[in-house]
Structure formats: C-alpha cells, structure tokens
Amino acid sequence: MSAGWFRRRFLPGAPGGPLPAPRSPRPRASPVPYRRPRFLRGSGSCPGTPDAPRRPDARPVRCPARGRTLPWNAGYAEIINAEKSEFNEDQAACGKLCIRRCEFGPEEDQEWLTLCSEEFLTGHYWALFDGHGGPAAAILAANTLHSCLRRQLEAIGEGMVATQPPMHLSGRCVCPSDPQFVEEKGIRTEDLVIGALESAFQECDEVIGRELEAAGQVGGCTALVAVSLKGKLYVANAGDSRAILVRRDEVRPLSSEFTPESERQRIQQLAFVYPELLADEFTRLEFPRRLKGDDLGQKVLFRDHYMSGWSYKCVEKSDLKYPLIHGQGRQVTVLDLDQLELQEEDVVVMATDGLWDVLSNEQVARLVQSFLPGNREDPHRFSELAQMLIHSTQGKDGSPTGEGQVSYDDVSVFVIPLYSQGQGSSGH
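All of the points below concern the structure found in this document.

Overview of the environment of S407
Turning to step 1, where the next piece is worked out: Here S407 shows up in the loop between α9 (381-391) and β14 (411-417).
Turning to step 2, where the next piece is worked out: For S407, a relative accessible area of 3% corresponds to the buried category.
Turning to step 3, where the next piece is worked out: Residues S407 and G354, 53 residues apart in the sequence, show an inter-C-alpha distance of 6.0 Å.
Turning to step 4, where the next piece is worked out: At 3.4 Å, the side chain of S407 and the backbone nitrogen of D409 are in polar contact.

This is how it looks when you write it as structure tokens:
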C-alpha cells in the first residue's frame, strides 16, 4: 500500500508521520459508538460496555453464535487483552459484495448510469482492523471500507469482464495501437481489482480523517482485507496484521508488514506533496501511453502514487501534459483458487498482530494441520480452530504449542476455508 496516506492515518508515530496525542484518562467523545462486530450478535458479547477484567486468562474468547454462518463458513474468534485501553481496539467485518453493472450514459454528458439493480458480479469480503489511539478509526474503517470497495469495483466493472482491460472504458478507439500499449504495460484484469482495493483504502482513509478531525480526535488503524472475486483471492494489507495460506504440506505468506513502496510511487508522491516540482509541465499520473487531445473526456487507464494496480479516470486537460513516470510498477501476487487443486484442509488464516507477536507462521500452520484432519465432521470446526489459535496465545497449562506464550494485545482471527471455492468462479 502507499506510504504517504498510510503514515498520515494508519501509522501515527511512524517515521515521517504525526505522533499520537497523549491519551486522556477517560475516553474522549467518539465520532461513532463503540461496538463489537455485527456478526457477533447473540454470542454473549456486550457492545457498548468496557471489556473487563484485565487479566488475559480471565477474558472470554468470543466467536459467532452457532446459528450464524459467515461467508464460506469461515471461522472467527477474538479476545480482548489490551491493558492500554478499556475498549478492544480490534474490529472485524465480513460479507457478500454485490457489484452492480454500470455503463456510460448519453455521449453529451458522459455520466455513469446504473443499468439495473441486479447483481452484475458477486464476491466476498473479510477484513480486520487494529486501532491505534482508541477504537474509533477501526470502527469507522469496519463501517466504511466495504462500501468504498464496492463503489470502486462498480466503476471498473466493464473492464473486469473484458479479456484484456480496454484503454477506453467507453469502448471508443482513439489510437489503433491501444491494445498493444495495454499489453506492453502488462495490465491484466486483476490489476483493476488491485487498483480498486488501493483506491478504496485511499477513500476510506479520507473519510476516517474527516470524521476524526470533526470529532477533535487523533488515531488510526491497520487494515487487512481479503476479497474473493471471479475465482481469485486478493489480500491487501496496511499495517502489521498478517494473512497466511496453510495447506497440508505448505505455509505461504499472503501479506507482509508495511514496507516502503517502489521508487515509482515515491516519485509520484513527491509530486503530489510538492506540485511545484512539476513546473506545470508534467503530470504525476501514469498512463499506458501518452494521451492525445482526442482522449479528453474519455475514461482511460491510469494509476497514481498510492496505487500498484490500475483504474480508470476521465481525462482532463492537465492529463495531456508530458508524463513524469515511465516503465513498469511492482508485480502483485494474487491467489488463483482455480489453479491450486484445493484440498479439504486448505485455509487462509488472517489475524491481527496480537497473534503474530506470540506465534510464528510455522507454529500456526502446525496447529491448523494437526486440528483440521481430526475434526472434519464438525460444522463449526473453523471457529473452533480460531478459538484454539487464540488459546495458544494465553499461556495456559496444556497450550497446544507447549510453550506458554502470553499475548497482552487484542487478538482477532479469521479462518477462511478454500476447499470447493475455486469452483464456479462467477460467484466469487
């Protein structure tokens, strides 16, 4: 993810970012009411009240009620360990993404129209957010990010179903060599989804910033998101949460903790922060080719400083300036479920840093691989596994790892089963 917006909002106190304000002894007025994830209703949790007592071994592990099924029968569990706050700063969200079909309206206004309210594409979404400086930013992100993502995906819907993303989303041909320019840049359908995720993160960050500023608060949160769409699983991360793929004989990282971005994005961000460096002669935006006057008013492929994927924008006169950026961006790996030859015990484990502070990827993988084969008949086995992973961080006697580690941070865990999900990709 992009460095600048992440430092500003998601990593208060990081190098180059603002320092968090001192905490008040009492919670400040929040722009949103404190609550636990909606899918925990009926599980015995008490939204709106402080989580107590403070001893880690006395805090309950909570998971969805037995009658509540999450997407793909995913498992979830959480525990409140934090001594730093009387509220759990983790938040979680999941659900179905219903993407409607949109198309250009009359040529004279070039507006997007929703053709029908029926679903054009469907996917699923799981997300974890770890708040800093209080729970407000994490709650805002849990309430907002999925809506931002749906809007971004609807804006590129026609491009997602094309064999190759078109230069012009309206289908207009300005330059006969446009398909070659797109091919030379290596732009694929999955790059549009990556761009939509990055744009959704950017949009959500701006919403959080406005809401916190209006409430006179500071703070931020990390974000770890998994999105299934058209037979592929996209994992986006901003912060120190983590996702791994666990198979019978394999453990594979699907995300990495926040690191500095590529030189392309660094240069674009400098141009964003200091537009005077462009001397009114260049555009910081990257396009597959140099734009022409005939491109004005058309929606064409582009990417900005916070994006490694691609999206579409309406060409303005300023976009016709000489491009500052040439060449390739970084490659993003996407999990192609149709190519994995999935087995029944193959899962993705997503968790906030409270788990990874205590357990390594390999330790988590061993716990998964030892638990699932003996519990195939249990319809709630994935939530049971999520609970077991959390119990392994509580230092209790008889811990499955036998090492007695104790996590004093909040822990939230999704266990997402992949078996049979590579089939029928139109619904994923």
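Some thoughts on the nonpolar core
Turning to step 1, where the next piece is worked out: Within the largest apolar cluster, 57 residues are counted, with the highest numbers of intra-cluster contacts made by Y125, F129, L145, L149, L153, M160 and V225.
Turning to step 2, where the next piece is worked out: Elements with a minimum of two residues in this core: β2 (90-104), β3 (112-132), α2 (136-155), α5 (189-214), β4 (220-229), β5 (232-238) and β9 (299-302).
Turning to step 3, where the next piece is worked out: When residues in this core are grouped by element, the largest group, 11 residues, is from α2.
Turning to step 4, where the next piece is worked out: With residues up to four places along the chain from it excluded, the contact list for M160 reads L121, L153, T189, L192, V193, L229 and K230.
Turning to step 5, where the next piece is worked out: Core analysis: the next-biggest nonpolar cluster, separate from the first, contains 28 residues, I244, F382, L385 and V415 among them.

Some points on α5
Turning to step 1, where the next piece is worked out: Under the 1.5 Å per step criterion, the end-to-end length of α5 is 38 Å for 26 residues, consistent within 8% with the ideal 38 Å.
Turning to step 2, where the next piece is worked out: Of all 26 residues that make up α5, 20 are buried, and the element is covered over most of its length.
Turning to step 3, where the next piece is worked out: One or two positions beyond α5, positive phi appears at G216, with a value near 70 degrees.

Re unusual backbone geometry
Turning to step 1, where the next piece is worked out: One non-glycine residue, W72, lies in positive phi territory at about 65 degrees.
Turning to step 2, where the next piece is worked out: The residue W72 is located in the loop between α1 (3-10) and β1 (75-79) in this model.
Turning to step 3, where the next piece is worked out: According to the relative accessible area criterion, W72 is buried, its value standing at 10%.
Turning to step 4, where the next piece is worked out: Even without a glycine there, the phi angle at E341 is positive, about 50 degrees.
Turning to step 5, where the next piece is worked out: Along the chain, the position of E341 falls in the loop between β12 (335-336) and β13 (347-351).

Reading the values: the criteria
- Residues numbered from 1 in each chain as written.
- Predicted model: local features only at pLDDT ≥ 70, side-chain atom pairs only at ≥ 80, totals over all residues.
- Heavy atoms only, no water.
- Helix = DSSP H or I, 4+ residues; strand = E, 2+ residues; numbered from the N terminus.
- Buried < 20%, exposed > 50% of the residue type's maximum accessible area, 1.4 Å probe, protein only.
- Polar contact = N/O pair within 3.5 Å; in protein donor to acceptor, adjacent residues only side chain to side chain.
- Core = buried A, V, L, I, M, F, W, Y, C linked by side-chain atoms within 4.5 Å.
- Contact = heavy atoms within 4.5 Å.
- Expected span 1.5 Å × (residues − 1).

These results come straight from atomic positions and should not be treated as a statement about function.
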